[in-house]
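This is what each chain is made of:
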Amino acid sequence: MSNKSISVSVTIMGKEYKIACEPQEQENLIRSSSELDAQMRKMRDSGKVSGAERIAVMAALNLSHELQTLKNQTPVLSQGWKECLANMMAKIENVLEKR
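All values derive from a computational prediction rather than experimental measurement.

1. Side note on the pairing of strand β2 (residues 15-21)
- In this structure, strand β1 (residues 6-12) lies alongside β2, joined through seven bridges in antiparallel fashion. Note that in β2 the partner of Ile 6 across the bridge is Cys 21.
- Between β1 and β2, which follow one another and run antiparallel, lie two residues, and Met 13 among them has a positive phi close to 50 degrees.

As structure tokens, this is what we get:
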């Protein structure tokens, strides 16, 4: 982090936390904390998990799993886009050659 960090207040399950971040990361931090708060409240309200620490760990596990799933999908999606773009380029070149 640079020397120009700012302090951002976020609230998670009714508790306020002050977190230092760079100004350009403030919006992402607020969205992330809001998502974490929503996940934790959902778990608490389900009644299946009790205790703030256990709720936090389970929410972190769920979010980490989502992130890992997205990371695993990225190469497959990237390859699909590359193939699609290559096909489009071939079609464009074909059309231009016929002119």
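2. Remarks on the pattern of salt bridges
- Applying the stated criterion across every chain, the model contains four salt bridges.
- The salt bridge partner of Glu 16 is Lys 18, with a shortest N-O separation of 3.6 Å. The pair Glu 16 / Lys 18 is uniform in exposure class, with both members exposed.
- Between Asp 37 and Arg 41 there is a salt bridge whose closest N-O contact spans 3.0 Å. Taken together, the residues span about one helical turn, with Asp 37 and Arg 41 both in helix α1 (residues 26-46) at a distance of four residues.

3. Looking at the side chain of Gln 39
- Looking at the secondary structure, you find Gln 39 in helix α1.
- With sequence-adjacent residues up to four places away left out, Gln 39 is seen in contact with Ala 59, Asn 62, Leu 63 and Glu 66.

Rules of the game
- Residues numbered from 1 in each chain as written.
- Predicted model: local features only at pLDDT ≥ 70, side-chain atom pairs only at ≥ 80, totals over all residues.
- Heavy atoms only, no water.
- Pairing = 2+ DSSP bridges.
- Helix = DSSP H or I, 4+ residues; strand = E, 2+ residues; numbered from the N terminus.
- Salt bridge = Lys/Arg side-chain N within 4 Å of Asp/Glu carboxyl O.
- Buried < 20%, exposed > 50% of the residue type's maximum accessible area, 1.4 Å probe, protein only.
- Contact = heavy atoms within 4.5 Å.

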